[in-house]
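Overview (structure and organization)
Residue-level listing of the chains:
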Amino acid sequence: MENCFAASTFLTDSLELELGTEWCKPPYFSCAVDNRGGGKHFSGESYLCSGALKRLILNLDPLPTNFEEDTLEIFGIQWVTETALVNSSRELFHLFRQQLYNLETLLQSSCDFGKVSTLHCKADNIRQQCVLFLHYVKVFIFRYLKVQNAESHVPVHPYEALEAQLPSVLIDELHGLLLYIGHLSELPSVNTGAFVNQNQIKLFPPSWHLLHLHLDIHWLVLEILYMLGEKLKQVVYGHQFMNLASDNLTNVSLLEEHCETLLCDLISLSLNRYDKVRPSESLMSDQCPCLCIKELWVLLIHLLDHRSKWSVSESFWNWLNKLLKTLLEKSSDRRRSSMPVIQSRDPLGFSWWIITHVASFYKFDRHGVPDEMRKVESNWNFVEELLKKSISVQGVILEEQLRMYLHCCLTLCDFWEPNIAIVTILWEYYSKNLNSSFSISWLPFKGLANTMKSPLSMLEMVKTCCCDKQDQELYKSSSSYTIFLCILAKVVKKAMKSNGPHPWKQVKGRIYSKFHQKRMEELTEVGLQNFFSLFLLLAAVAEVEDVASHVLDLLNFLKPAFVTSQRALIWKGHMAFLLMYAQKNLDIGVLAEKFSCAFREKAKEFLVSKNEEMVQRQTIWTLLSIYIDGVQEVFETSYCLYPSHEKLLNDGFSMLLRACRESELRTVLSFLQAVLARIRSMHQQLCQELQRDNVDLFVQSSLSAKERHLAAVANALWRHFFSFLKSQRMSQVVPFSQLADAAADFTLLAMDMPSTAPSDFQPQPVISIIQLFGWDDIICPQVVARYLSHVLQNSTLCEALSHSGYVSFQALTVRSWIRCVLQMYIKNLSGPDDLLIDKNFEQAVEKEYMKQLVELTRLLFNLSEVKSIFSKPQVEYLSISEDPKKALVRFFEAVGVTYGNLQTLSDKSAMVTKSLEYLGEVLKYIKPYLGKKVFSAGLQLTYGMMGILVKSWAQIFATSKAQKLLFRIIDCLLLPHTVLQQEKELPAPMLSAIQKSLPLYLQGMCIVCCQSQNPNTYLNQLLGNVIEQYIGRFLPASPYVSDLGQHPVLLALRNTATIPPISSLKKCIVQIIRKSYLEYKGSSPPPHLASILAFILQLFKETNTDIYEVELLLPGVLKCLVLVNESQVKRLATENLQYMVKACQVGSEEEPSAQLTSVFRQFIQDYGMRYYYQVYSILETVATLDQQVVIRLISTLTQSLKDSEQKWGLGRNIAQREAYSKLLSHLGHMGQDEMQRLENDNT
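Residues numbered from 1 in each chain as written. Predicted model: local features only at pLDDT ≥ 70, side-chain atom pairs only at ≥ 80, totals over all residues. Heavy atoms only, no water.

For clarity, the threshold we go by: UniProt positions are given in the numbering used here, feature names are shortened, and annotations may be inferred rather than shown by experiment.
Named according to an unreviewed UniProt entry, the protein chain is Protein MMS22-like originating from Pongo abelii. In its Sequence similarities (unreviewed entry) section, the UniProt record describing the protein chain reads: "Belongs to the MMS22 family. MMS22L subfamily."

Encoded structure:
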């Protein structure tokens, strides 16, 4: 009673009393659990948790600390504690009924939130008084009631006479009270929810208090009747009432009648719950509408079972069975009128449901605490009869009902001892219906279809059936047949645990006897599925070898046509047994021999089948995939390998691999990788065990045998799989990723177990495999990148190879990495033109391959040799990038810097050799990009990387060892045959790639020319040829200096602070311009003259002008001014002339340069006689810039005038003399003097 009685605590086992404590206050029913009991299942004030039940059964004082005063207050009246019940029993019971009536009248008041607090307090007060009175009756019987001697004839005191009548009066009053309150099932429905006020106190409506008071009355009446019998040890007759058989009412008959009535009431309440529950949720729903109802069930179980042990009375199960049988027989007309009429729409289902729920109540001990170790009384006899009714063939059995029945049965198997009869009854039904699918039309079917998808799923189903705890969703997830298998597994396991092998022999005999040739021939596909499920379960819980052998014998009874159509299912069943053998660590030899032979035959059929026969191939492949997946599971499951495991890897795989297409190959190679991984793992475990100290000879012999078995399996893999991978290295048949993965796994296997590798790979099998898949230049880069990533990830392998001294492992790996980066845009190496075509460079490389390259780059930069290069002080500024292209640039630069910092000749020579080893046949790597099909991204990558290589490794290429490679790079990339054909246009992508990278080549070649160990005429010639070819090819169409800013030849001269020898490059450029671009063919000017003049002007603007360059180029510029009349040419030539004269002024200080004077003198001698007007005009321009230059030419000019006049023989040339005088007028007094001399000259 909330807020009225204080919380009680457990009675101790010794039941010691401590006066003044509150633990012994009157208990009552309450479902308002407030967790004060510390996680108890019932309220702390309950009859269980307070210890009231235990005190009742042990015949102890019900409330030892209560009713100790001389008087007590009941129903607001003071009474003498020791005599009140004798003197005023009828008055007290009358007041009790009056209080009940008062509580019933409260139900008529509307219970809204405003009134609920007042109604709750009133109802709670009434209930306290009533419960207190009934507890007083119990205490009075225990303490004060005296047993009267019926045979004594001594006169007694009137009180004693009344006291002698008290038991009979109590029988009458209690009977009357029960008649007054009626049945629990007749009470109005009660909402067990409560109002909660602002102080978090729960407030209940009067209906809730009435229900719980009725529960208190029903139970306390039973307690009083039981205590009365225990106290008096004799039958007590009532005086006022008789039972229905016209017999006098006694304490025993009233107790039993009340028990029956109370059980009927509880059944009725449960029936109301059951009618609202779906079959699929029957065991998940709570049977009791209120926690107090559940407590009442537990109290009845303990009381009735206790009575049955110490008196001739029925146990709880007998009471319940009797009532349920009446319900099942539908004989309500034979019931007593006082009993409530119980009717159910599904009496069978309800019987299963209530028995299962009530059976779960047996776990609670006398304190209401769950005790899993408590011995539970079973009710198998009734359940067996119930089961027979449930599967009776007289009516139609619905699967949805059967699932619920069997789920209940399975739950009971958890609670009770094993019962073989249950399995026998069920097997009789299912053996006749084995071909049924046991499905429910409205429920998605999950069970059988999923179960039979694979051998592993079949075993998973069996494991699920064998689990101790089953899923609550079993109804929806499993058929009734599957639930039967769960029951079978549970019963057999529990029976064998307690009784040895005898129960299994019983079950085996029952089941085996149902299968014979005729029965096997009658099986459908579903029946065969059910057949395998059954026998797999039997194998799991009992003798696997015996069951598997029997299954193989029974399968021989199947018709050949049926075997053909259901071969996939039969193979799954076989493989499931194989897996079970492996899981139990048994030798699989018997099953493996037959199964592997069947696989070989199917693999042969698959090989000879034609690709057009798709249906046949698919059928065969289904079988083969079952075998492959199953064998993989066998290897992954097996604790150790036996010789029989090798049988599973026969030559059927060799035939299968040759017949597979890409998708099928993926499956087979995934299987291979899984098996290889398992073998390596088992080998490592064996090695660890062999390395342990104090291994005795027996263990050592056993481990050695296991190692031999492992080696045999590894040999089979080399024999049947690796030869195929080796043959497919260059083909497109095997997916690149799986080819690389499988090859890497074999490499690791060769590292762990080198002796198992083929003889042609000995004595260094690891090196031989890496040579095939990692270092061979004909292997697709996608394969190489992925393969080497796997190899480099294994630190043990890398360490061993780096110190083997057999080959340059790290250098060859770097070479392969360089090739993978350079060939990132090449899809297939089978033909040079089979390239990826994509405008977007990033998309041109497959994402997966780029990820692989990034990973390979990361791993490669962890190699000690590469780390050593980047660890040099001068290289620290080069950051390592995960971008493969940037990383390769950094690597080339780092190698070049490292070489430049070496001091000794021997170190430099070794570095050159190592660098060339890094590159390998680098021109072969880029050759596919230079084919007929032009691919922009590939050309950009090729020319860019080679340009960086030429510039960064210029000092290396200056050595005689490396110069040949440089010559080949220049010839292949910059001076191919198509470039030398001037009339032929280069493809635009190629020209673009050269334009971007040409500065790198020119700078690198310039350094090589300057630092070459021996003067190399051919190299200088190559440099000149490159400049000659590309100055003209990149000249702009319009001769504007601004358009020449990005000319690659000019770009090569910029940012030359780090390249001191760059002046020689400019010198070479000037020589090429003088030789090839300013030469006149007869009187015809050279092509693109204006653009060349603009180029020269830009060249002088961007660089420091040397007098030597002026000496080379000025004659050509002057010739243009004399002979070409095109305005653009004249303008640009004049600008060049002015720039050169000014440049010479800077270098020669006050005196004009002798070379400049010499050039002009020669110019006057060549053109002064014929083109005197142009010459004088040009010199006038020069005179405005530098008078001294022209003054020094006066004598030459005068002599040229005289020679001209003499040559023509016409006397003085007045026009020429006037033009000359005009020039002299610009030369100051020196010009005036020369003019005077010419006037005075009479020659």
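Now that the structure is up, let's keep going.
Notes on the overall build of the protein chain
Short version of the rule: Elements are defined by DSSP. Helices are runs of H or I of four residues or more, strands are runs of E of two residues or more, and each kind is numbered from the N terminus. Three labels apply to residues, based on accessible area from a 1.4 Å probe with only protein chains included: buried if under 20% of the type maximum, exposed if over 50%, partly exposed otherwise in between. Only heavy atoms enter the contact rule, under which two residues are in contact if any of them lie within 4.5 Å. Only the protein chains shown count as cover for residues, and all accessible areas are computed by the Shrake-Rupley method using a 1.4 Å probe.
When helices and strands are tallied, the protein chain shows 57 helices and six strands. Here the protein chain holds 1243 residues, and 54% of them are scored as buried. For the protein chain, the proportion of contacts with a sequence separation of at least 24, taken over those separated by at least 6, is 76%. Summed over its atoms, the accessible surface of the protein chain is roughly 55,200 Å², and 50% of this surface lies on carbon and sulfur atoms.

Quick look at the pairing of strand β1 (residues 71-74)
For clarity, the threshold we go by: Pairing between strands requires that DSSP locate at least two bridges from one strand to the other.
Of the two faces of β1, only the one carrying Leu-72 and Ile-74 is buried; Thr-71 and Glu-73 on the other face are not. Counting the residues that bridge the hairpin from β1 to strand β2 (residues 77-80) gives two residues, and of these Phe-75 lies at a positive phi of roughly 55°.

Remarks on the nonpolar core
Within soluble globular proteins, side chains that are nonpolar generally end up buried alongside one another. Where we set the bar: Here, the term nonpolar core denotes a set of buried Ala, Val, Leu, Ile, Met, Phe, Trp, Tyr and Cys residues that are joined through side-chain atoms within 4.5 Å.
Membership of the largest hydrophobic core comes to 429 residues, with the highest contact counts inside it found for Trp-297, Phe-535 and Phe-1160. Element by element, the count of residues in this core is highest for helix α6 (residues 206-232), at 16 residues. Contacts of Phe-535, omitting those with residues within four sequence positions, involve Ile-511, Tyr-512, Phe-515, Val-547, His-550, Val-551, Leu-554 and Phe-577.

Re the pattern of salt bridges
The line we're drawing: Basic side-chain nitrogens of Lys or Arg form a salt bridge, by our definition, when they fall within 4 Å of a carboxyl oxygen of Asp or Glu.
In this structure the tally under the stated criterion is 40 salt bridges. Two residues, Arg-1237 and Glu-1234, come together in a salt bridge whose shortest N-O distance is 2.5 Å. Pair noted here: Arg-1237 and Glu-1234 are both in helix α57 (residues 1228-1240), with a separation of three residues, about one helical turn. Shared partners join several salt bridges into a network, and the residues in it are Asp-61, Glu-68 and Arg-143.

Quick look at the environment of Ile-77
The residue Ile-77 is located in strand β2 in this model. Residue classification places Ile-77 among the partly exposed residues on the basis of a relative accessible area of 36%. In this structure the C-alpha to C-alpha distance between Ile-77 and Leu-92, which are 15 residues apart in sequence, comes to 10.0 Å. Not counting residues within four places of it along the chain, the set of residues in contact with Ile-77 comprises Leu-72 and Leu-95.

Describing the packing of aromatic side chains
Geometrically, a pair of aromatic rings is defined through the distance of the ring centres and the angle of the planes. This is how the line gets drawn: Centres within 6.5 Å make a pair out of two Phe, Tyr or Trp rings, where for Trp the six-membered ring is used; the pair is then stacked when the planes are under 30 degrees apart, edge-to-face when over 60, and tilted otherwise. Two thresholds decide whether a charge sits over a ring: the Lys NZ or Arg CZ must be within 6 Å of the ring centre and within 35 degrees of the ring normal.
Applying the stated criterion across every chain yields a total of 62 aromatic pairs. Their ring planes at 15° and their centres at 5.5 Å tell us that Trp-317 and Tyr-362 sit as a pair that is stacked. Here the residue Trp-317 occupies a position in helix α9 (residues 316-329), and Tyr-362 occupies one in the loop between α10 (347-361) and α11 (380-390), the gap between them amounting to 45 residues. Given the relative accessible area of 2%, Tyr-362 is considered buried. A network of ring pairs unites the aromatic residues Trp-427, Tyr-429, Tyr-430, Phe-438, Tyr-481, Phe-484, Tyr-512, Phe-515, Phe-531, Phe-532 and Phe-535 as a single cluster. Over the ring of Trp-319 we find Lys-322, and its NZ or CZ is 4.4 Å from the ring centre. Directly above the aromatic system of Tyr-899 lies the positively charged group of Lys-908, at a separation of 5.7 Å from the ring centroid.

Focus: the packing of helix α17 (residues 480-499) against helix α18 (residues 502-512)
Packed helix pairs are specified by the crossing angle of their axes together with the interaxial distance, meaning the distance between the axes. In plain terms, the rule: Only C-alpha atoms enter the line fits that serve as axes; for helices the fit covers just the stretch in contact. Angles between N-to-C directions range over 0 to 180 degrees. The classification used treats Ala, Val, Leu, Ile, Met, Phe, Trp, Tyr, Cys and Pro as nonpolar, Asp, Glu, Lys and Arg as charged, and all other residues, Gly among them, as polar.
Close contact between α17 and α18 brings their axes to 7 Å; oriented N to C, the two are set at 145°. Where α17 abuts α18, its residues Leu-488, Val-492, Ala-495, Met-496 and Asn-499 lie against His-502, Pro-503, Trp-504, Val-507 and Ile-511. Its residues assigned to classes, the contact of α17 with α18 shows eight nonpolar, two polar and no charged.

Thoughts on the confidence of the model for the protein chain
We apply this condition: A residue's pLDDT is the predictor's confidence in that residue, given on a scale from 0 to 100.
Taken as a whole, the protein chain shows an average pLDDT of 85; of its residues, 88% reach a score of 70 or greater. The model gives residues 1-23 a pLDDT under 50, and that stretch makes 56 contacts with residues more than four places away or in other chains. Low pLDDT, under 50, characterises residues 331-338; the predicted model gives this stretch 14 contacts beyond four residues in sequence or across chains.

As for the environment of Asp-1106
Examined against the element boundaries, Asp-1106 turns out to sit in the loop between α49 (1089-1102) and α50 (1107-1123). A relative accessible area of 36% places Asp-1106 in the partly exposed class. A C-alpha to C-alpha distance of 8.1 Å links Asp-1106 and Cys-1144, two positions 38 residues apart in sequence.

Points about helix α3 (residues 89-106)
Residue pairs spaced three or four apart in an α-helix point in one direction, given the helix's 3.6 residues per turn. What counts here: Helix span is expected to be 1.5 Å times the residue number reduced by one. This arc corresponds to the set of directions leading from the helix axis out to the C-beta atoms.
Across its 18 residues, α3 extends 26 Å between first and last C-alpha, which sits within 8% of the 26 Å expected from 1.5 Å per residue. Every buried residue of α3 is listed here: Ser-89, Leu-92, Phe-93, Leu-95, Phe-96, Gln-99, Leu-100, Leu-103 and Leu-106. Down the axis of α3, the buried side of the element spans an arc of 155°, and every buried residue falls inside it. Taken together, the buried residues of α3 touch β1, β2, α2 (84-87), α4 (116-143), α5 (158-181) and α6.

Considerations on unusual backbone geometry
Peptide bonds are trans in most cases, and residues, glycine excluded, mostly fall at negative phi. Residue Gln-762 is joined to Pro-763 through a cis peptide bond whose omega torsion reads 5°. The residue Pro-763 is located in the loop between α30 (736-752) and α31 (765-773) in this model. Even without being a glycine, Asn-59 presents a positive backbone phi close to 60°. Structurally, Asn-59 can be placed in the loop between α1 (52-57) and β1. Since its relative accessible area comes to 44%, Asn-59 is described here as partly exposed. Although it is not a glycine, Asn-585 sits at a positive phi angle of roughly 60°. Residue Asn-585 is classed as partly exposed on the basis of its relative accessible area, which comes to 29%.

Focus: helix α24 (residues 589-608)
A rise of 1.5 Å per residue sets the reference length of α24, with its 20 residues, at 28 Å; its end C-alpha atoms lie 29 Å apart and thus fit the reference within 8%. Taken as a whole, α24 has its buried residues at Gly-589, Leu-591, Ala-592, Phe-595, Ser-596, Phe-599, Lys-602, Ala-603 and Phe-606. The buried residues of α24 occupy an angular sector of 145° when the element is viewed end-on, so they sit on one face. Exposed side chains of α24 directed beyond 90 degrees from the buried face belong to Val-590 and Val-608. The secondary structure elements touched by the buried residues of α24 are α21 (544-555), α23 (567-583), α25 (614-637), α26 (643-647), α27 (652-659) and α28 (662-690).

Quick notes on the packing of α28 against α30
Rules: Convention used here: angles under 35 degrees read as roughly parallel, angles over 145 as roughly antiparallel, angles from 65 to 115 as roughly perpendicular, and any remaining angle as oblique. We call a crossing left-handed when the near helix sits turned anticlockwise from the far one by less than a right angle, and right-handed when that turn is clockwise.
Packing of α28 against α30 leaves a shortest axis separation of 10 Å and a crossing angle of 20°. As far as their axial angle goes, α30 and α28 are roughly parallel. For the pair α28 and α30, the sense of crossing is left-handed. Contact residues: Leu-665, Arg-666, Leu-669, Ser-670, Leu-672, Gln-673, Leu-676, Ile-679, Arg-680, His-683 and Gln-684 in α28; Ser-737, Gln-738, Asp-741, Ala-742, Asp-745, Phe-746, Leu-748, Leu-749, Met-751 and Asp-752 in α30.

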